[in-house]
Amino acid sequence: MKKIRLGRTNLEVTRWGLGGIPLSTIMGGTTEEVIAEVITAALDYGINYIDTSRVYMDSETNLGAVLKDRRKDCIIASKSYSRTYDEVRSDLDESLTQLQTDHIEILQVHALYPHEVAAFMARGGGMDAFRKAKQEGVIDFIGLTSHHISVLVELAKTGEFDTVMYPFNVIERAAEHELLALARSLDIGSIVMKPLAGGAIRSTQKAFKFFNAYPVDLILNGVASVAQFKENIACAEIEEALSPEELAAFEQEVAPLGTEFCRRCGYCMPCPNDIRVPDMVHIFYQAVQGIPVEELPPDRLEVGKGLLMWMQACEGCGKCEERCPYNLPTRKRVQELIEKFS
Ligand code: SF4
Ligand code: SF4
C-alpha cells in the first residue's frame, strides 16, 4: 500500500491504519488468537500504523504480544484518557508495559471534551505529562483526539499537537468545514476515525472512496477478522474518488440513519448493572426502530423478549449518557424498548 507523510511528524505511514478497538477481546474482537492473526495479517500486508488506547481494555496487551517480535515493523499510536499529570504518567508506564516496548511513537490525548480543555492544558495539568514524556524521548509525538471538532480546531492552533484525529465519514461531515484545511495548513498529521461510522455504513468501498476527495492523511479502521481485513483493505487500495453522482446516491442511501446512531465506540461502558449499552440498547433499538411489534420478524421478537429483563435492570443512573460523545438518549430508548416488549 502507498505510504504518505503524516504531517510534521515526517513519519511515512500507510494510508490505512489498523484501529485498536476490535483488538480487544472485550470491545469487539473475538479471541486473542484471532486478534493476533489480524495484527499479523496487517503487518504482513505492509500496514505500518496501529492505533490503540489505554482504555481499550486488553487491546494494548494483545498488540504487545505480537509486536514484541515485530516492533520495527510498526508505528504505535496509543492514547491516554486521563486528565491529570500523575494519571497520564501512570497510563504511559502501563502502556509501555502492556505493549512490551520502551518507546511509543505517538501518544494521543484521548477524546478530549470542551469543558476539559482549560484544566488539561493549564500548567501542572495532564498536558504537562505529555510534554515531559516527549522531552524525555519516551514518546516522539503528541496527538489529540476528540469527537468535538471545536476542541481540535482550538488546540491545533496552539502548535502543541503533531496529529489530530476526528470522526469523519459521509454522515459525520463537521471536520470538512475548517479542521481538514487547518490541519493541512499547519502541517499537522490528519487522521480519520470511524470511516464506517462504527459499522452503520454498510458499503465499505463507497466509504473509502469518499476520502479520496479530501486532504486526509491516514484512515483508521478496526477489523475483527482476517477476512474483514482483506475485504476492507481491498477497498482502501482504490485511489479514485466518488463521482458527484455516486456521492449524491451515497448521501441518499445513508440519510435514513440520521445522526443519532450508535458508533459502537464503547465509551458509555461499563454500566453498573452490566447492561452492554451499545448492543443491548442502541444496536437493537436501531434494528427494531419504527417497526410495530406485531410486524417484527420472530427472531427479533425473541431477542427483544430476552433483553427485557436487562432493560428492567436499568436504574436510570445516566452514567452511560454522560460518557457518550454523541449524546445518545440511552435511558429514553431503554424505556421505549421496555414498553415495546413488555
Ligand atoms: S442509565 Fe441504565 S444503562 Fe445507563 S449506565 Fe445507568 S443503569 Fe446502565
Ligand atoms: S452509546 Fe454512545 S458511547 Fe456507547 S457505544 Fe454508542 S456511540 Fe459509543
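See the structure printed just above.
Quick summary incoming for the structure in this document.

What counts as what
Residues numbered from 1 in each chain as written. Chains lettered and ligands numbered in written order. Predicted model: local features only at pLDDT ≥ 70, side-chain atom pairs only at ≥ 80, totals over all residues. Axes fitted to C-alpha atoms, helices over the stretch in contact; angles between N-to-C directions. Helix = DSSP H or I, 4+ residues; strand = E, 2+ residues; numbered from the N terminus. Parallel < 35°, antiparallel > 145°, perpendicular 65-115°, else oblique. Left-handed = near helix turned anticlockwise from the far one by under 90°. Contact = placed C-beta atoms within 7 Å. Nonpolar A, V, L, I, M, F, W, Y, C, P; charged D, E, K, R; others polar. Core = buried A, V, L, I, M, F, W, Y, C linked by C-beta atoms within 7 Å. Buried ≥ 20, exposed ≤ 12 C-beta atoms within 10 Å, placed from the backbone. Near = placed C-beta within 6 Å.

## What to know about the packing of helix H11 (residues 277–288) against helix H12 (residues 298–312)
Here's step 1: Between H11 and H12, whose axes approach to 11 Å, the crossing angle comes to 150°. In terms of axis orientation, H11 runs roughly antiparallel to H12. Where H11 crosses over H12, the two elements pack in a sense that is left-handed. Taking contact as the criterion, the partners of Met280, Phe284, Ala287 and Val288 in H11 are, on H12, Arg300, Val303, Gly304, Leu307 and Trp310.
Here's step 2: For the contact of H11 with H12, the class distribution of residues is seven nonpolar, one polar and one charged.

## Considerations on the nonpolar core
Here's step 1: Core analysis: the biggest nonpolar cluster contains 77 residues, and Ile39, Leu152, Val164, Tyr166, Val192, Leu218 and Ile219 have the highest contact counts within it.
Here's step 2: With five residues, the top contributor of residues to this core is helix H6 (residues 149–156).
Here's step 3: Setting aside chain neighbours within four positions, we find isoleucine 219 in contact with Arg15, Trp16, Gly17, Val192, Pro195, Phe211 and Ala236.
Here's step 4: In this structure, Cys262, Val277, Cys324 and Val334 belong to the second largest nonpolar core, which totals 18 residues.

## Thoughts on the site of ligand 2
Here's step 1: Neighbouring residues of ligand 2: 14 residues in total, closest Cys262, Cys265, Cys268, Pro278 and Cys324.
Here's step 2: The element that contributes the greatest number of residues to the shell around ligand 2 is H11, accounting for three residues.
Here's step 3: Tallied by class, residues from the shell around ligand 2 come to nine nonpolar, two polar and three charged.

## Section: the site of ligand 1
Here's step 1: Contacts to ligand 1 come from 14 residues, most closely from Cys271, Cys314, Cys317, Lys319 and Cys320.
Here's step 2: For the shell around ligand 1, the elements supplying multiple residues, two or more each, are helix H13 (319–323) and helix H14 (330–341).
Here's step 3: Class assignment for the residues of the shell around ligand 1 results in seven nonpolar, four polar and three charged.

## As for the environment of asparagine 327
Here's step 1: Relative to the helices and strands, asparagine 327 resides in the loop between H13 and H14.
Here's step 2: In this structure the C-alpha to C-alpha distance between asparagine 327 and cysteine 262, which are 65 residues apart in sequence, comes to 9.8 Å.

## A closer look at unusual backbone geometry
It is generally the case that most residues other than glycine have a negative phi and that most peptide bonds are trans.
Here's step 1: Residue proline 270 is reached from methionine 269 by a cis peptide bond, and omega for that bond is 0°.
Here's step 2: On the secondary structure map, proline 270 appears in the loop between helix H10 (244–254) and H11.
Here's step 3: Positive phi values are uncommon outside glycine, yet methionine 57 reaches one of about 50°.
Here's step 4: By the element assignment, methionine 57 lies in the loop between strand E4 (49–51) and helix H2 (59–67).
Here's step 5: Here the phi dihedral of lysine 194 falls at roughly 55°; this positive angle occurs in a residue that is not glycine.
Here's step 6: By secondary structure assignment, the location of lysine 194 is in the loop between strand E9 (189–193) and helix H8 (204–211).
Here's step 7: In this structure lysine 194 comes out as buried when scored by C-beta crowding, with 25 C-beta atoms within 10 Å.

By themselves these figures say nothing about function.
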